[in-house]
Amino acid sequence: MTRALMDNWGVPLLGCIPDRHFLGCPAIADLERLFKTKLISGSSHVMRHYSIAETNLVTTSLGTFMATLRHKPSRTLYLCHVTRNDVILGFLGEYQRRLKVGDQFEATLVLCGRKGKYSLSTDMADMIRSWGAPVLHVEESTFRTMEMISQFTPKLNIDDKHRVKEAINHYEKYIDFDELLRRTSSGDDSFDEPA
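Notes on the structure follow. If you're wondering where the values come from, they're calculated on a predicted model, not measured in any experiment.

1. Examining the packing of aromatic side chains
Centre-to-centre distance and the angle between the planes together describe a pair of aromatic rings.
Part 1: Enumeration according to the criterion identifies three aromatic pairs in this entry.
Part 2: Pairing F65 with Y78 gives two aromatic rings, centres 5.4 Å apart and planes at 90°, and the pair type is edge-to-face. Within this pair, whereas F65 is found in helix α3 (residues 62–71), its partner Y78 is found in strand β3 (residues 77–81), the two being separated by 13 residues in sequence. Grouping residues by exposure puts F65 and Y78 together as buried.

The following block contains the structure:
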């Protein structure tokens with residue numbers, strides 16, 4: 001491939017990087033920026049990452065949701081309508097139960113509801129804050145929220161130390177940095193061999 005690029009276009013190949021799925025998974029901090037909001041509670045979980053495959057829209061009964069919550073992978077991003085107090089309380093209860101017995105709980109609940117049409121009650125917001133579970137309130141419909149998350153590409157963020165470290169470890173072995181520096185430090189803006 002290096003020769004084909006050079007022969008056809010005069011461009012050297014300095015690296016060829018395979019996809020690394022994790023780098024495209026948004027953290028809660030990315031979702032906060034996307035939706036211009038902050039976690040209601042659970043701010044210590046802001047750098048937790050989720051893939052689209054770990055996203056689950058809750059449209060079922062509380063019983064079915066609780067069974068799903070206990071059997072799906074712990075790191076799942078759940079979305080539900082802001083009026084689903086039963087689901088919110090079930091999520092908070094499961095968070096507390098797992099905390100009490102020392103089980104890992106990495107789920108986050110995203111509450112959705114169009115601004116001006118649906119809102120989170122003050123009492124429910126206070127309850128969420130007091131329990132400490134990671135809950136994000138988004139003023140978009142559940143459909144629009146799912147759509148925005150699925151179309152979102154997270155950017156590298158210096159505060160996301162885990163993703164930065166993963167990116168460095170992933171890219172470093174595929175790029176010839178010495179050659180890149182040699183060609184870019186010549187002061188020549190062409191891809192020709194430096195003088």
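Having seen the model, we can carry on.
2. Here we look at the pattern of salt bridges
Part 1: Following the criterion strictly, the structure yields nine salt bridges and no others.
Part 2: One salt bridge in this structure joins E94 and R70, with 2.8 Å as the shortest N-O distance. A residue pair is termed long-range when its members are at least 10 positions apart, and E94 in helix α4 (residues 85–101) and R70 in helix α3 qualify at 24 residues.
Part 3: On the basis of relative accessible area, E94 is assigned to the buried category, the value being 1%.

The rules behind these values
- Residues numbered from 1 in each chain as written.
- Predicted model: local features only at pLDDT ≥ 70, side-chain atom pairs only at ≥ 80, totals over all residues.
- Heavy atoms only, no water.
- Phe/Tyr/Trp six-rings, centres within 6.5 Å; stacked < 30°, edge-to-face > 60°.
- Helix = DSSP H or I, 4+ residues; strand = E, 2+ residues; numbered from the N terminus.
- Buried < 20%, exposed > 50% of the residue type's maximum accessible area, 1.4 Å probe, protein only.
- Salt bridge = Lys/Arg side-chain N within 4 Å of Asp/Glu carboxyl O.

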